[in-house]
Amino acid sequence: MGDHAVPTKGNVLGSLVPARYILAGLGSIAMAIIYGLKVNLSVAMVAMLNHSALAHNAPIHKMSEMHSTDEVCTQSGNTTEAIEDGPFSWSEPLQGTILSCYFWGYFVSQIPGARIAESFSAKWVMFFSVFINVICTLLTPIAAKLHYGAMIAMRIGEGIGGGVTFPAMHVMLASWAPPNERSVMSAIVYAGTALGTVISMLMAGVLAGSLGWESVFYVMGGLSCLWLVLWVFLVQDTPNKQALISAEERSFITSSLGTEGGSAHSGPKPAVPWKRVFTSAPFYGILIAHVCNNWGWYMLLIELPFYMKQVLQFNIKENAVVTAIPFLTMWFFSMALSKTLDALRARKKINTTIARKIATLIASVIPMCCLLALCYIGCNRAAAVALMTLGITSIGGMFCGFLSNHIDIAPNYAGTLMAITNTAATLPGITVPIFVGQITHGNQTIGAWRVIFFVTIALYILEIFGYTFLGSGEEQPWNKGDKPNNGAIDNGDAEATPLNAKEPKPTYTNQEE
């Protein structure tokens, strides 16, 4: 069926705020909700656990390793609060399982969700993603009190919903983002993950410290319901389906993407050229960067509250504030970096390949150096907070780096490519909490965390070399399927290299300048 343009309605909203940025804003809020409802457990669990019972039950042979004063930080001030002891005596390995089981659902839903978004409707895939997360969040307190198995089931349900968000948003951005605004719009949408993390950690800390840990899930789940209504009425899959858009904006978007009159959407989409995808060097560059960077991302996203509690001895309220601040600075940094790179590309100072590599290197080199320094500063809390703030802030480069790169190399399959790399990149989400739980079980010391940080550093090194040598911002020959293409304009990425060097590198009318 053709995607013919629907008449515009009044255009009051479209004349005030461009429809593409309404999409980007609500997409950002959606990502904030998904990430906020994912990470709130990391903060709430600090209040849910009976730390006194866990310390008493720690293995004796492990406790003996904690005698050295340079391995355990001392508490400063009055850090004893009733909220610190909750009702659950879950061991560190079980804590790791509860945190990581989210990614079991996340792992299995991405590729099916991407194909549904590409073939039917990315808008409704996003809607049900948030809806599932809201329901599971509201049921979490009941499930936790019932049995930790029920808690695990709720987290898996959230993961199933969360897994389709990145592929679905990639499909929508491929239809809505003009090439010269792609970095900015991608950063706006995906930086919502950082904003959601900030809001969630701050709210979770305040709610848990004042109203009890159950309020974290009831309040945050309830507030998220408003987005569902806004998304249904204000967002459509493509500009041609959107009534709340000016004729000028619709023409601007469709002409820049080559989708005037819905021509790009008429007829069935070509099948995914799986063989050519899996023999593409730029695809493997994204895959390596995504997997390795996600290890560091999840290390900080999920485990940072526990490092603050176990090693630096912050209490629940301090923990929430200190953990959240770096994600706020990440949001500002990602906005500034994406705008800067898009401006440089528009002025022909750099091409898409260079822009993506700069952003990705920032998101890997700086966090790697910060983690290395963190291994040797001991209990210097101020220095630790400064290093973690700098490291997390710089990770914001990933939003306009490798995370935007799928749309560059194959906009027709952006959702599927994101699903593939994000599925692989889910493995760190599953592994990190279990890995940290095993390393720190009865050994919550600087020495234990140093091992964790060194593993993360090694993966950052792999990302740096992998993406630098394999990454590309050029649309790949297989984007139009296995059929030859007759497009003619130059995309400016002359240095991009497909794995098959013998095949000429065509360019297309919807490619970035």
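Rules of the game
Residues numbered from 1 in each chain as written. Predicted model: local features only at pLDDT ≥ 70, side-chain atom pairs only at ≥ 80, totals over all residues. Heavy atoms only, no water. Helix = DSSP H or I, 4+ residues; strand = E, 2+ residues; numbered from the N terminus. Buried < 20%, exposed > 50% of the residue type's maximum accessible area, 1.4 Å probe, protein only. Contact = heavy atoms within 4.5 Å. Areas by Shrake-Rupley, 256 points an atom, 1.4 Å probe, with all protein chains shown as cover. Patch = residues over 30% accessible without salt bridge, like charges linked within 9 Å, V, L, I, M, F, W, Y side chains within 5 Å. Salt bridge = Lys/Arg side-chain N within 4 Å of Asp/Glu carboxyl O. Axes fitted to C-alpha atoms, helices over the stretch in contact; angles between N-to-C directions. Parallel < 35°, antiparallel > 145°, perpendicular 65-115°, else oblique. Left-handed = near helix turned anticlockwise from the far one by under 90°. Nonpolar A, V, L, I, M, F, W, Y, C, P; charged D, E, K, R; others polar. Expected span 1.5 Å × (residues − 1). Core = buried A, V, L, I, M, F, W, Y, C linked by side-chain atoms within 4.5 Å. Disulfide = S-S within 2.5 Å. Phe/Tyr/Trp six-rings, centres within 6.5 Å; stacked < 30°, edge-to-face > 60°. Lys NZ or Arg CZ within 6 Å of the ring centre and 35° of its normal. pLDDT = per-residue confidence, 0-100. Polar contact = N/O pair within 3.5 Å; in protein donor to acceptor, adjacent residues only side chain to side chain.

A.B. asks: Hey, could you run me through the overall build of the protein chain in this one?
C.D. replies: In terms of helices and strands, the protein chain carries 23 helices and zero strands. Taken across its 513 residues, the protein chain has 59% of its residues classed as buried. Taking the intrachain contacts of the protein chain between residues at least 6 apart in sequence as the baseline, contacts between residues at least 24 apart amount to 85%. Surface exposure of the protein chain reaches about 19000 Å², of which carbon and sulfur atoms provide 69%.

A.B. asks: Where do I start with a nonpolar patch on the surface in this structure?
C.D. replies: Residues W124, F128, F131, I132, I135, L139, I142 and Y218 make up a contiguous nonpolar surface patch of roughly 720 Å² in combined accessible area. A per-element tally of the nonpolar patch places helix α7 (residues 122–146) first, with seven residues. Within the secondary structure, L139 sits in helix α7. The exposure class of L139 is partly exposed, given its relative accessible area of 38%.

A.B. asks: I tried to follow the packing of helix α2 (residues 19–48) against helix α12 (residues 213–223) on my own but got confused; where do I start?
C.D. replies: The N-to-C vectors of α2 and α12 enclose an angle of 165 degrees; their axes lie 9 Å apart at closest approach. Taken together, the axes of α2 and α12 are roughly antiparallel relative to one another. In the packing of α2 onto α12, the handedness of the crossing is right-handed. Where α2 approaches α12, its residues G36, L37, N40, L41, A44, A47 and M48 are matched on the opposing element by W213, V216, F217, M220 and G221. A class-by-class count of the residues in the contact of α2 with α12 yields nine nonpolar, three polar and no charged.

A.B. asks: What is the right way to read the pattern of salt bridges from this model?
C.D. replies: For side chains of opposite charge, pairing can occur when their charged atoms come near one another. By the definition in use, this model includes eight salt bridges. Put simply, D408 and R182 hold a salt bridge, and the shortest N to O gap is 3.6 Å. Taken together, the positions of D408 in helix α20 (residues 402–409) and R182 in helix α10 (residues 182–190) put the pair 226 residues apart, joining distant regions of the chain. Grouping residues by exposure puts D408 and R182 together as buried.

A.B. asks: Is there a simple way to explain helix α11 (residues 192–210) in this structure?
C.D. replies: Since the α-helix packs 3.6 residues into each turn, any two residues three or four apart lie on the same face. Across its 19 residues, α11 extends 26 Å between first and last C-alpha, which sits within 8% of the 27 Å expected from 1.5 Å per residue. Listing the buried residues of α11 in full gives G192, T193, A194, G196, T197, V198, S200, M201, A204, G205, L207 and A208. Positive backbone phi, approximately 100 degrees, marks G212, located one or two places after α11.

A.B. asks: Would you mind going over the nonpolar core with me for this structure?
C.D. replies: Side chains that are nonpolar tend, in soluble globular proteins, to be buried together. Core analysis: the largest hydrophobic core is formed by 130 residues, its most contacted members being M48, W90 and W231. Ranked by the residues each element gives to this core, the list is headed by α2, at 17 residues. Contacts of W231, omitting those with residues within four sequence positions, involve L23, L26, G27, K123, M126, F127, M169 and M172. Counting six residues, the second largest nonpolar core, distinct from the first, contains L337, I350, A359 and C400.

A.B. asks: Would you mind showing me how to read the environment of W90 here?
C.D. replies: By secondary structure assignment, the location of W90 is in the loop between α4 (60–63) and α5 (92–100). Taking the C-alpha atoms as reference points, W90 and M48, separated by 42 residues in sequence, lie 9.4 Å from one another.

A.B. asks: I keep staring at unusual backbone geometry and nothing clicks. Help me out?
C.D. replies: Among all residues save glycine, negative phi is the norm, and among peptide bonds the norm is trans. Phi at K348 takes a positive value of approximately 65 degrees, unusual for a residue other than glycine. By the secondary structure assignment, K348 is in the loop between α17 (316–346) and α18 (352–374).

A.B. asks: How should I be thinking about the state of the cysteines in this particular structure?
C.D. replies: What makes a disulfide is a covalent bond joining the sulfur atoms belonging to two cysteines. On inspection of all chains with the given rule, the structure shows zero disulfides. Left unpaired, C370 is separated from the closest cysteine sulfur, that of C369, by 6.9 Å. Using a relative accessible area of 6% as the deciding quantity, one classes C370 as buried.

A.B. asks: Got a minute to help me understand the packing of aromatic side chains in this structure?
C.D. replies: Between two aromatic rings, the relevant description is the distance of the centres plus the angle of the planes. If you walk through the whole model with that rule in mind, you get 24 aromatic pairs. Here F88 and W90 contribute two aromatic rings whose centre-to-centre distance is 4.5 Å and whose plane-to-plane angle is 15 degrees, an arrangement assigned as stacked. Among the aromatic side chains, those forming a connected cluster through ring pairs are Y35, F166, Y190, W297 and F327. The cationic tip of K38 hangs over the ring face of Y35; the distance from NZ or CZ to the ring centre is 3.8 Å. Note that K38 overlies the ring of Y106, its terminal NZ or CZ placed 5.4 Å from the centroid.

A.B. asks: Can you walk me through the environment of A187 in this structure?
C.D. replies: Here A187 shows up in helix α10. Given the relative accessible area of 0%, A187 is considered buried. For A187 and A336, which are 149 residues apart along the polypeptide, the C-alpha to C-alpha distance reads 9.4 Å. Discounting residues that sit within four places of it in the chain, A187 has contacts with S334, M335, S338 and F399.

A.B. asks: Can you help me understand α20 in this one?
C.D. replies: Of all eight residues in α20, eight are buried, a share of seventy percent or more. For α20, the full list of buried residues reads F402, L403, S404, N405, H406, I407, D408 and I409.

A.B. asks: When you look at the confidence of the model for the protein chain in this model, what are you seeing that I'm missing?
C.D. replies: Should pLDDT be low for a region, the predicted coordinates there are not to be read in detail. Chain-level statistics for the protein chain give a pLDDT mean of 82 and a share of 80% at 70 or above. Throughout residues 60–70 the model reports pLDDT below 50, and contacts reaching past four residues in sequence, or to other chains, amount to 13 contacts. Per-residue pLDDT stays below 50 along residues 484–513; that stretch engages in 75 contacts with residues further than four places along the chain or on separate chains.

A.B. asks: When you look at the packing of α2 against α11 in this model, what are you seeing that I'm missing?
C.D. replies: Across the interface, α2 lies against α11 with an axial gap of 7 Å and an inter-helix angle of 35 degrees. Between α2 and α11 lies a crossing of right-handed hand. Counted together, S28, M31, A32, Y35, G36, V39, N40, V43 and A47 of α2 and G192, T193, G196, T197, S200, M201, A204, G205 and A208 of α11 form the full contact between these two elements. Here the contact of α2 with α11 is composed, by residue class, of nine nonpolar, nine polar and no charged.

A.B. asks: How should I be thinking about the side chain of T393 in this particular structure?
C.D. replies: Examined against the element boundaries, T393 turns out to sit in helix α19 (residues 381–395). A polar side-chain atom of T393 sits 2.4 Å from a polar atom in the side chain of T329. Apart from the residues lying within four places of it in its own chain, the contact partners of T393 are P326, T329, M330 and F333.

A.B. asks: I would appreciate a short explanation of the environment of V108 in the present structure.
C.D. replies: When you line up the elements, V108 lands in helix α6 (residues 102–119). You can call V108 exposed: its relative accessible area is 52%. Through-space distance from the C-alpha of V108 to that of I160 is 7.1 Å; in sequence the pair is 52 residues apart.

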